[in-house]
Amino acid sequence: MRIDLFRMERTQSLYENEVEFNLSESGVLPMQIQEILDGPEGPSSLHSLRLKYPPAAGSNLLRERIGLFYGDARLENVLVTNGGSEANYVCLWGLLDKSDHAAIMIPNYLQTWGLARAYAGRARPFRLVERHEEGRARWALDVDSLERAVTRKTRLILVTHPNNPTGAVLNEEEMDAVVRVARRSGAFIVSDEVYRGAEVYRPGERPGPPSPTFWGRYDRVLITAGVSKAFGLPGLRTGWIVGPAKTVSKLCSYHDYLTLTPTYLSNRLAEAAMEPVKREAILARTRDIIRRNLPRLEEWIRSHGDLFDYIPPVAGAIATIRYDLPIGSVALFDRLRRERSVLITPGGHFGIGKYIRIGYGYDIELTLRGLARVDETIAALRRASPARRAPRRSAAAARRARRGLPRATA
Ligand SMILES: Cc1ncc(COP(=O)(O)O)c(C=O)c1O
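Residues numbered from 1 in each chain as written. Predicted model: local features only at pLDDT ≥ 70, side-chain atom pairs only at ≥ 80, totals over all residues. Heavy atoms only, no water.

Chemist: Before we go on, may I ask you to explain the site of the ligand in this structure?
Modeler: Around the ligand, the surrounding shell holds 14 residues, and the nearest of these are Gly84, Ser85, Asn164, Asp192 and Ser228. Contact between the ligand and Gly84: an oxygen atom at 2.7 Å from a main-chain N or O atom of the residue. Tyr195 places a side-chain nitrogen or oxygen 3.2 Å from an oxygen atom of the ligand. When the free accessible area of the ligand is taken as 390 Å², the share hidden by the protein chains comes to 95%. (Near = heavy atom within 4 Å. Polar contact = N/O pair within 3.5 Å; in protein donor to acceptor, adjacent residues only side chain to side chain. Areas by Shrake-Rupley, 256 points an atom, 1.4 Å probe, with all protein chains shown as cover.)

Below, the structure written as structure tokens:
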């Protein structure tokens, strides 16, 4: 089977440990083991554990606690996986055949786009678009594009919610539209909710409940998520699928061909992290980091006047910014890496054009020093081309447009 190059992950793997300033992180500063195991025994409670295989679907305690994060999901609704990425992989592999179509939200973390292109007969994009509503700009669901993307053959509609890279959260009307369109063709909704719980609150605002989940809105919903983003625990590689018991049981039989089980230690640590009181403390830590760091990044954005067009994220320690410079996003990403040792993530890696995504959930002082290097490149670009010409569409871009693919190379 052929599969597209997953360009975002490949380039991150190649360069994230090479650059001086890695602004491509999409989570928050990871937690320490001693912060998770902070009971009387602490991390020493791990010393005597026997490293056996854990139960294939994850321990009952972990599955039960994951279920509680969604209200009424039960043991049989939960399969623990190795990362949210394995959860996505198992869902798309297990659900799609070459006779099926899949509709994928764009912009997105393009793992699911690549998987849908590999396993379905056809992958069609539908879009989040920048819209001004009630005096403010937001990333809104283009319901028309969703209607066009979903046909009788559509087996699966994939939403990333909250969205990577935009940090957008659908409103109730938009969530209803996704359910209505899915119901019409009997399609599954696969909702990647790995950023749920990392909501943005401004100084002085009191945190409310996490972003709304698709769980419970329709009988054919599969949630994929994990502890890598909102929980600040990417090194655990713990993810999950929450779905109808029968579908989860079918997906278990696909998981048997992959990693069989979670890792024993991660299962143990994730049990502690997902204990409801601890879980809320961990999410509060994440929202605190976001609340402190985002205004600093926004100062930098504002200092560039109308060079940038920016819609603030609703959730996630990532900000996606449209820029007005005569350079494509992948070329800009290459140049920043080679000339300034700074890694950003280009819009092209999410299926959109002249955007950059900046992660702001780590050391914000370091992030700002990296952004000062970005400023040097911006100044050089402005010096080199003070007058701008209208961009011409390349032959490759025209081909992509004809095939209806997202602009993954801009
Ligand atoms: C939307 C989305 N889903 C899934 C993943 C993968 O998560 P994990 O690190 O848990 O495999 C990522 C990672 O960036 C992501 O952004």
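Next comes the rest of the account.
Chemist: Before we go on, may I ask you to explain the pairing of strand 14 (residues 355-359) in this structure?
Modeler: Every regular strand shows the same layout, with side chains that alternate between the two sheet faces. With five of five residues buried, strand 14 lies mostly within the body of the structure. Along strand 14, one buried face is formed by Tyr355, Arg357 and Gly359 and the opposite face, lined by Ile356 and Ile358, is buried too. When strand 11 (residues 318-323) meets strand 14, the two strands line up antiparallel, connected through five bridges. Of the residues in strand 14, the one forming a bridge with Ala319 is Ile358. Note that strand 13 (residues 345-346) and strand 14 share two bridges and pair antiparallel. Counterpart to Pro346 in the pairing with strand 14 is Ile356. (Buried < 20%, exposed > 50% of the residue type's maximum accessible area, 1.4 Å probe, protein only. Helix = DSSP H or I, 4+ residues; strand = E, 2+ residues; numbered from the N terminus. Pairing = 2+ DSSP bridges.)

Chemist: Would you mind showing me how to read the pattern of salt bridges here?
Modeler: It is possible for side chains bearing opposite charge to pair when their charged atoms get close. Scanning the entire structure with this criterion turns up 16 salt bridges. Between Glu147 and Arg184 there is a salt bridge, and its shortest N-O distance comes to 2.8 Å. Of this pair, Glu147 sits in helix 6 (residues 143-149) while Arg184 sits in helix 7 (residues 172-185), and the two are 37 residues apart along the sequence. Arg184 sits in the exposed class, given a relative accessible area of 52%. (Salt bridge = Lys/Arg side-chain N within 4 Å of Asp/Glu carboxyl O.)

Chemist: Would you mind showing me how to read the environment of Arg237 here?
Modeler: By the element assignment, Arg237 lies in the loop between strand 8 (221-226) and strand 9 (238-242). In the structure, Arg237 is positioned 33 residues away from Ala270 in sequence and 9.5 Å away in space, judged by C-alpha atoms. Apart from the residues lying within four places of it in its own chain, the contact partners of Arg237 are Thr81, Asn82, Gly83, Ser85 and Ser228. (Contact = heavy atoms within 4.5 Å.)

Chemist: Honestly, the pairing of strand 6 (residues 154-160) in this entry has me stumped. Any pointers?
Modeler: When you tally the buried positions in strand 6, you get six out of seven residues, the bulk of the element. Bridge analysis of strand 3 (residues 101-106) against strand 6 gives four bridges, and the strand direction is parallel. Considered in strand 6, the bridge of Ala103 is made with Ile157. For strand 6 and strand 7 (residues 188-192), the ladder comprises five bridges, and the chain directions are parallel. Following the sheet pairing, Ile157 is matched in strand 7 by Ile189. Handedness of the crossover joining strand 6 and strand 7 through helix 7: right-handed. (Right-handed = clockwise from strand over helix to strand, strands pointing away.)

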